[in-house]
Amino acid sequence: MAVHWLNPLFRIGYKRSLEQEDLYNVLPEFRSKTLGLTLQSYWDEECLKSAKELKKPSFCKAVIRCYWKSYSLLGIFTFIEATMIVQPVLLGYLLRYFETYDPNDYHGLELACYYALGMSLSLLLLAVMHHILFFNIQKAGMKIRVAMCNMIFRKALCLSNSARGKTTTGQIVNLLSNDVSKFDDLTMFLHYLWVGPIQVAVVVALLWGEIGPSCLVGIALLIFLMPLQTQFGRMFSVYRSRTAVLTDHRIRTMNEVVTGMRIIKMYAWEKPFAALVSEYRTEEIVNLMKSSMLRAANMATYFSASKIIVLFTFAVYVMLGNTITASRVFVTVSLYGAIRLTVTHFFPSALEKLFESLVSIERIQTFLNLEELPKNTNVFCQPKDASHILKSCQGSSATIPTETAVLPPFPQSSLLSAILGELPLDKGVVKVKGQLTYACQQPWVFPGTIRDNILFGKELDPAKYEKVLRACALKRDMELLPDGDLTLIGDRGATLSGGQKARVNLARAVYQDADIYLLDDPLSAVDGEVGRHLFEKCICGILKDKPRILVTHQLQYLKVADQILVLKEVCRPLLPCPITEQSTRHFCSCMAEHTQTAVEEGRSQGTISTDMYYKYLRAGANIFGLVVLCQAHAFCIPSLEVNAKHVFSGLTAATVLFGLVRAMLFFYVLVKSTETLHKRMFDTILRAPVHFFDVNPIGRVLNRFSKDIGQMDVLLPITFVDACQVLLLTIGVIVVSAMVVPWILILVVPLLIIFLFLRRYFLQTSRDIKRLEGTTRSPVFSHLSSSLHGLWTIRAFRAEQRFQNVFDAHQDLHSVTWYLFLTSSRWFALRLDLLCAVFVIILIYAYLGAGDVGLALSYAITLMGMFQWGVRQSAEVENLMTSVERVMEYTELESEAPWETEKRPPLDWPSQGLVTFDGVNFSYSADGPVVLRNMNAAFLPREKVGVVGRTGAGKSSLVSALFRLAEPQGKIYVDGILTSELGLHDLRQKMSIIPQDPVLFTDTMRKNLDPFNQHSDEELWNSLQEVHLKSVVEELPAKMETLLAESGSNFSVGQRQLVCLARAILRKNRILIIDEATAHVDPRTDELIQRTIREKFRDCTVLTIAHRLNTIIDSDRIMVLDAGEIQAYDAPYTLLQDPEGIFYKMVQQTGQQEAEDLLASAKQVSENPSTQYKNTTNVNLVIHETPM
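Residues numbered from 1 in each chain as written. Predicted model: local features only at pLDDT ≥ 70, side-chain atom pairs only at ≥ 80, totals over all residues. Heavy atoms only, no water.

The chain is annotated in an unreviewed UniProt entry as ATP-binding cassette, sub-family C (CFTR/MRP), member 4 from Gadus morhua. What the UniProt record of the chain gives under Subcellular location (unreviewed entry) is the line "Membrane". (UniProt positions renumbered as here; feature names shortened; annotations may be inferred.)

The next subject is the sheet that holds strand β14 (residues 944–948). Spatially, six strands are ordered β17-β18-β19-β14-β20-β21 in an open sheet, and the strand pairing comes out mixed. At either margin of the open sheet sits one strand with a lone partner, and together these are β17 (991–994) and β21 (1125–1130). Between one strand axis and the next, the sheet turns through 20 degrees on average, direction left out of account. As judged from the four bridges shared by β14 and strand β19 (residues 1101–1105), these two strands associate in the parallel manner. (Pairing = 2+ DSSP bridges. Helix = DSSP H or I, 4+ residues; strand = E, 2+ residues; numbered from the N terminus. Axes fitted to C-alpha atoms, helices over the stretch in contact; angles between N-to-C directions.)

Moving on, we get to the packing of aromatic side chains. This structure, assessed with the given rule, holds 35 aromatic pairs. Their ring planes at 80 degrees and their centres at 6.2 Å tell us that Tyr465 and Tyr511 sit as a pair that is edge-to-face. Of this pair, Tyr465 sits in helix α16 (residues 462–471) while Tyr511 sits in helix α18 (residues 498–511); the two residues are 46 residues apart in sequence, bridging distant segments of the chain. Overall, the relative accessible area of 6% leaves Tyr465 in the buried class. Residue Tyr511 is classed as buried on the basis of its relative accessible area, which comes to 2%. With 5.9 Å between their ring centres and 45 degrees between their planes, Trp818 and Phe821 make a pair best called tilted. Here Phe821 and Trp818 lie together in helix α29 (residues 800–844), a separation of three residues that amounts to about one turn. Using a relative accessible area of 5% as the deciding quantity, one classes Phe821 as buried. These aromatic residues form a ring-pair network of at least three members: Phe10, Tyr14, Phe757, Tyr761, Phe762, Trp827 and Phe828. (Phe/Tyr/Trp six-rings, centres within 6.5 Å; stacked < 30°, edge-to-face > 60°. Buried < 20%, exposed > 50% of the residue type's maximum accessible area, 1.4 Å probe, protein only.)

We now examine the environment of Thr1042. Among the secondary structure elements, Thr1042 is positioned in the loop between α35 (1030–1034) and α36 (1053–1067). Residue classification places Thr1042 among the buried positions, given a relative accessible area of 10%. Non-local contacts of Thr1042, meaning those with residues more than four positions away in its chain, are made with Asp1003, Thr1004, Met1005, Leu1036 and Pro1037. (Contact = heavy atoms within 4.5 Å.)

The buried fraction of helix α7 (residues 169–179) amounts to eleven of the eleven residues, a majority that puts the element mostly inside the structure. Those residues of α7 not exposed but buried are Thr169, Gly170, Gln171, Ile172, Val173, Asn174, Leu175, Leu176, Ser177, Asn178 and Asp179.

This part is about the pattern of salt bridges. Tallying each qualifying case throughout the model produces 48 salt bridges. The partner of Glu896 in a salt bridge is Lys265, and the shortest N-O contact between them spans 2.8 Å. Of the two residues, Glu896 is situated in the loop between α30 (850–889) and β12 (915–923) and Lys265 in helix α11 (residues 261–267); the sequence distance between them amounts to 631 residues. Each member of the pair, Glu896 as well as Lys265, is classed as buried. Across the pair Glu675 and Lys672 runs a salt bridge whose closest N-O atoms are separated by 3.1 Å. Highlighted residues: Glu675 and Lys672, both in helix α23 (residues 649–687), separated by three residues, approximately one helical turn. Here Glu675 falls in the partly exposed class, since its relative accessible area comes to 21%. (Salt bridge = Lys/Arg side-chain N within 4 Å of Asp/Glu carboxyl O.)

Take helix α20 (residues 610–618) next. Within α20, the full set of buried residues consists of Met612, Tyr613, Tyr616 and Leu617. Take α20 and look down its axis: the buried residues cluster within an arc of 130 degrees, on one side only. (Arc of directions from axis to C-beta.)

With antiparallel pairing, the four strands of this open sheet are ordered in space as β13-β12-β15-β16. Two strands close off the open sheet at either side, each with one partner strand: β13 (930–939) and β16 (977–978). Looking at chain direction, strand β15 (residues 969–974) and β16 are connected through two bridges and run antiparallel. Of the residues in β16, the one forming a bridge with Tyr973 is Leu978. The sheet contacts of helix α31 (residues 955–962) involve β12, β13 and β15, and relative to β12 the element is tilted by about 110 degrees.

Counting 213 residues, the largest nonpolar core has Phe59 and Phe917 as the members making the most contacts within it. In terms of residues, this core owes the most to one element, α29, which gives 17 residues. Residues Leu416, Leu436, Leu455 and Cys538 belong to the second largest nonpolar core, which totals 60 residues. (Core = buried A, V, L, I, M, F, W, Y, C linked by side-chain atoms within 4.5 Å.)

As a further point, take the environment of Gly1054. Relative to the elements of secondary structure, Gly1054 occurs in helix α36. The exposure class assigned to Gly1054 is buried, which follows from its relative accessible area of 10%.

Our focus in this paragraph is the packing of helix α2 (residues 32–52) against helix α5 (residues 106–156). Where α2 contacts α5, the two axes come as close as 8 Å, and the packing angle between them is 75 degrees. Classified by the angle between their axes, α2 and α5 sit roughly perpendicular to one another. Every residue of α5 that contacts α2 at Ser32, Lys33, Leu35, Gly36, Leu37, Leu39, Gln40 and Trp43 is listed here: Lys143, Val146, Ala147, Met148, Asn150, Met151 and Arg154. Residues that form the contact of α2 with α5 fall into these classes: eight nonpolar, four polar and three charged. (Parallel < 35°, antiparallel > 145°, perpendicular 65-115°, else oblique. Nonpolar A, V, L, I, M, F, W, Y, C, P; charged D, E, K, R; others polar.)

Turning to the side chain of Thr776, a few remarks are in order. Positionally, Thr776 belongs in helix α27 (residues 744–789). Given a relative accessible area of 2%, Thr776 falls into the buried group. Within the structure, Thr776 has its side chain in polar contact with the side chain of Thr817 (distance 3.4 Å). Once residues lying within four places of it in the same chain are set aside, the contact partners of Thr776 are Gln20, His810, Leu813, His814 and Thr817. (Polar contact = N/O pair within 3.5 Å; in protein donor to acceptor, adjacent residues only side chain to side chain.)

Of all the five residues making up strand β18 (residues 1071–1075), five are buried; the element is thus mostly covered by neighbouring parts of the structure. Side chains Ile1071, Ile1073 and Asp1075 of β18 all project onto a buried face; the interleaved residues Leu1072 and Ile1074 project onto the opposite face, where all are buried too. Here β17 pairs with β18 via four bridges, running parallel. Paired with Ile993 across the strands is Ile1073, a residue of β18.

Cis geometry marks the peptide bond from Trp909 to Pro910, where omega comes out at -10 degrees. You can see Pro910 is positioned in the loop between α30 and β12. One non-glycine residue, Leu54, lies in the positive phi region at around 55 degrees. For Leu54, the position within the fold is in the loop between α2 and α3 (59–83). Owing to a relative accessible area of 78%, Leu54 belongs among the exposed residues under this scheme. Even without being a glycine, Ala1123 presents a positive backbone phi close to 55 degrees. Its location among the elements puts Ala1123 in the loop between β20 (1117–1122) and β21.

Set out below in structure tokens:
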């Protein structure tokens, strides 16, 4: 009962910082899986019942049916606690004894002792009962929240593709972070909606017996407050609805920004995204500020209501000709005090939380009602006969036997989607016999070890595992990685190169003992040599006895296919494609030389410094504003003294008005602080180097922008203001009591010392628990984000339950820290209340005059609740300040170079497009390995240069160095200007890039093409015409203003690539970098992109990084990289004359016919060199020599 089992933990926490290993196991009653399945069963019943009655299912009804019994029992105890108003009655009897004090009245003395004993016991009983009750109420709220989180994640794994277009990762994160947390608060106050009026009725009866009809004045004022609070509650609901939608948009945008940071930096698009987030945040703050002003009014009402009520009650009482006595005054004040908390705090809080929770329930219900992917009833596990029949949408059918089928060009992924059951059929059926497995086009890996990613839940068979590693060309990688296959993969595989991710993705599919293998273009992300190895040793080796459907653009492999299924482009609705591994997190560089490991989330140590409080307040007000705030609170104390003596009604009114202004001013400053810190954090995130995003999971960053900012928006201002006002009121109570009864300080001083020691002892552990609660929350969001990106793979492998179990494990760990936080708070509060009870008991048995004992006891009882509440709130402020600490940590991250510097390039720079590398070494971080070594090269104006090399040779690192994604050592010149002297935006805006994996953002097509609004409609349509996308965009509902789905998922990969090409056309820069842009597109789109590049960029310097040698064989020169060094740099035909050269070997690995075609193309280029290249060579050399 006294939570004594926490004592060992507090002793550990007092000696050192707590670690995750110090935590206990989750209790069975709080297990995520158990709670989620229980609530899910009630929701399923509600859905079935509603379907029969042809009405919309109500999630609210399901929640009520699930929890009403246990929560109703808590309501009975709430009622008992609220109606046990014995202290004021006993106080009245005790005071009457002192008013008519007679030394010889032994019977009166005996009764007074009984009254004193009754007060003592009631104080102790209520102290214990209150904490048991509130602890169980908090547990009830925690259970509801955990169950809802489980259901939301379970639903996310089942969403159909059309439903995915109606929600976003940001919205689901907001549901998991902010919406469900409303129920933690709701359960605390909900019972007071019915207990409050009953408690008022009981107090009215007691007051009528004490002061007669005069009590009706005070009650009338109390009753007037109730409808006012109801109106406040409705207004909170309105503001909550608006804020929730805006928070969804903000977090969705933040998710895309963090996910797409590499591309945003290369495009120099930080400012438009900052403006977009700022727009959402500004609207969010407007609604937050309005609701905060309502809260300020609520709080001012709470602190001033008792003063107004007592003033008016006794004014009427005296006017009716009655005489005021000490017993009547103090009993009346105590009775009003008994219901003041309920009427002015609990009841309005219940209304506020109820309306906010109804909004959250509606949002969760809308999500839970989204369409689910239908269960694939046409999949039959019959491994003995694994051939399958596909009946297409047109009604035709094709039988694909147990040999490899190769499917080029356009809607090939849609075919696999239909087989997997991900694509809804207009007509016809898809029947599959046998167990499927699937390797997606854009590689997906999840946080964990490489071994975990390959086994994907299967038992480890060492012989089979070794065979798969060799077949997927991963054996050498495992030897080079620091921990082999136990190396931890960062969020979305940030620690692996693109080729490594592709091979891990393939190995996962191969390791599964399936009947049919669907391989969606697994060879595109690797070079020719590795591609041939994968095809021969894996697809046609280890899988040779299995039916394989291989989607590929590598036409040289078609000769070994048993059947070739050619798909023509068809009109198809724009449905979301799988949002798999995005380019934006793609981290290509040397696979052996460059291996990063995801860093653990840091935690601050020790107390929250005074400097942290100052920085927090300083963010919302200048020095003058802070002085005004301090003065506002200083006036609180003398006003108490005057009111305590009931002298001037005018001063009471002034105090009320001043209290309202003070509360509003404080809330304004704290909301402004949050606004400022959010802006600073976002600005810092935008300026952080790319390395930060490679080693920090998305969930960790989103946690700050969702949960931490959410607590700073709502909880921290209320708690901060409450703690300040309560502590100052406590000081006022002590001052008034000490002036009347000076010896009371003999008790107060040691009590204060004990309180402060307890607070310090408690905070040493509680702060660490709160910090652990923050860090254990991040994996929940990271797992959600990762799972949503790999949804097709998870469902193809039937791994939904396993990922649900991982989510439950993450949530159970968070539940442990949350439960410890609740129990530690009760441990602290119970001890404070018991100390206060002892303090009051000592006062009760002291001998005083009637007025003195009345004042001392009434204030002591007030002090009992107020003192411990103030100390608890101050501790809660410190716990919530850990959110400020975490946000502040992200406002002080390392920053990349400035966006603009004093040295600005000419407006027409670069006019020629000469790029020179002079002794360049490049590393992604200060302590990271060097991935480019001693690079000396020049890319001449209007020259077309191909960059080739095996997977991990450093090709993409060359681009990163050019764009200064990390600062290179050595010198890079563009048209003779040293790039390191320029601002990053001046540099990056003057170069165009078509990235390896295309990225679109959730905005209009117009904003995706031209976020700065620099181009006319005609220019935008012309750019789309150039890339053959005009007709596609014209078919969209709002054409150019159509809002794209999250990550542009309602376009195919090829179409997204064409949008990136249109961006490059619009920018009209002299330098174009193409980073394996055609790796995932079919030959037709590839040819289209290459032709457009030749036509639109013939006057530009073009660097093309490619795995497909046919795309760069007609280049003026080819740079061959190996292990971060230049192995060769010459014309293609010249390089092909060296049989020992890397490039020659790469060409030979494409196959005899392809090699002959490439040799012929290279020879043709050498015989007909680029005219413009020849004409400018001499000029270029002069410019080239200057920087070298």
